[in-house]
Amino acid sequence: MSVNTSLSQMTAWWRTKSTRDQWLLASAAGLLAVVTWWTLVWSPLQTARADTITRIARIESARSTLSALPVEIGLPSAGGVHTSSLREIVSATASARKLPIQRIEQSANQVVVEFELADFAPLMSWLETLSRDHSIRVIDAEVSRLPEPGTVSAQMTLEGP
């Protein structure tokens, strides 16, 4: 059965209907098309739009909360201005990792830090945190292994941004 045959049969069937029935069938077909379009196209688009607006509002709220956070916790702000001195950042982050600072001296934007008995892994992790979170670089380092496994003594010169 070809398309032309089917079309001619549908046309013949349509002509057998009265004008009132043709109007009723055309209205029903139009209503079916509108309901189908509403259900399959418009409603899902509106739901997705509303969900996107809600997600954007949550993201903007989180962004504003996070942009205020560095000032509250003493980290560098987005502009790179420090709320704490280099010495305070080094001291606070070392004590948070339970690294025993033996001596700390600051000159300009450099700090010399000395450890006598420090665990090697936390010391390296601390240096990585200083670099990643505070843009503090190691300029010079002397690390000596001690007899106790995993323990070192170290003297480091750190430079702030």
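Residues numbered from 1 in each chain as written. Predicted model: local features only at pLDDT ≥ 70, side-chain atom pairs only at ≥ 80, totals over all residues. Heavy atoms only, no water.

## Looking at the packing of helix H3 (residues 86-96) against helix H4 (residues 120-134)
- Look at H3 against H4: their axes get within 10 Å of each other, and the N-to-C directions meet at 135°. Judged on the interaxial angle alone, H4 and H3 are oblique. In terms of crossing hand, the pair formed by H3 and H4 is right-handed. Residues Ile89, Val90, Thr93 and Ala94 of H3 form the contact with H4, whose participating residues are Trp126, Leu130 and His134.
- Residue classes in the contact of H3 with H4 are distributed as 5 nonpolar, 2 polar and no charged. (Axes fitted to C-alpha atoms, helices over the stretch in contact; angles between N-to-C directions. Helix = DSSP H or I, 4+ residues; strand = E, 2+ residues; numbered from the N terminus. Parallel < 35°, antiparallel > 145°, perpendicular 65-115°, else oblique. Left-handed = near helix turned anticlockwise from the far one by under 90°. Contact = heavy atoms within 4.5 Å. Nonpolar A, V, L, I, M, F, W, Y, C, P; charged D, E, K, R; others polar.)

## Remarks on the confidence of the model for the protein
- Model confidence for the protein is summarised by a mean pLDDT of 87, while 89% of its residues fall at 70 or above.
- The secondary structure element of the protein with the lowest average pLDDT is H3, at 88, and the one with the highest is helix H1 (residues 3-16), at 93.
- Of the regions scoring below 50 in pLDDT, residues 77-82 engages in 7 contacts with residues more than four places distant in sequence or in other chains. (pLDDT = per-residue confidence, 0-100.)

## Remarks on the pattern of salt bridges
- Taken as a whole, this structure holds 5 salt bridges when the rule is applied.
- Residues Arg103 and Glu105 are paired through a salt bridge, measuring 2.3 Å at the closest nitrogen-oxygen approach.
- Judged by relative accessible area, Glu105 falls into the partly exposed class, the value being 42%.
- Between Arg103 and Glu114 there is a salt bridge, with the nearest N and O atoms lying 3.0 Å from each other. Taken together, the positions of Arg103 in strand E1 (residues 101-107) and Glu114 in strand E2 (residues 110-119) put the pair 11 residues apart, joining distant regions of the chain. (Salt bridge = Lys/Arg side-chain N within 4 Å of Asp/Glu carboxyl O. Buried < 20%, exposed > 50% of the residue type's maximum accessible area, 1.4 Å probe, protein only.)

## Focus on the nonpolar core
- Counting residues in hydrophobic clusters, the biggest one holds 19 residues, and the most contacted among them are Val90, Val113, Phe115, Leu123, Trp126 and Leu158.
- Of all elements in the fold, only H3, E2, H4 and strand E4 (151-159) reach the threshold of two or more residues within this core.
- Each residue touching Val113, except ones within four places of it in the same chain, is listed here: Val90, Ile101, Arg103, Ile104, Trp126, Ala154, Gln155, Met156 and Leu158. (Core = buried A, V, L, I, M, F, W, Y, C linked by side-chain atoms within 4.5 Å.)

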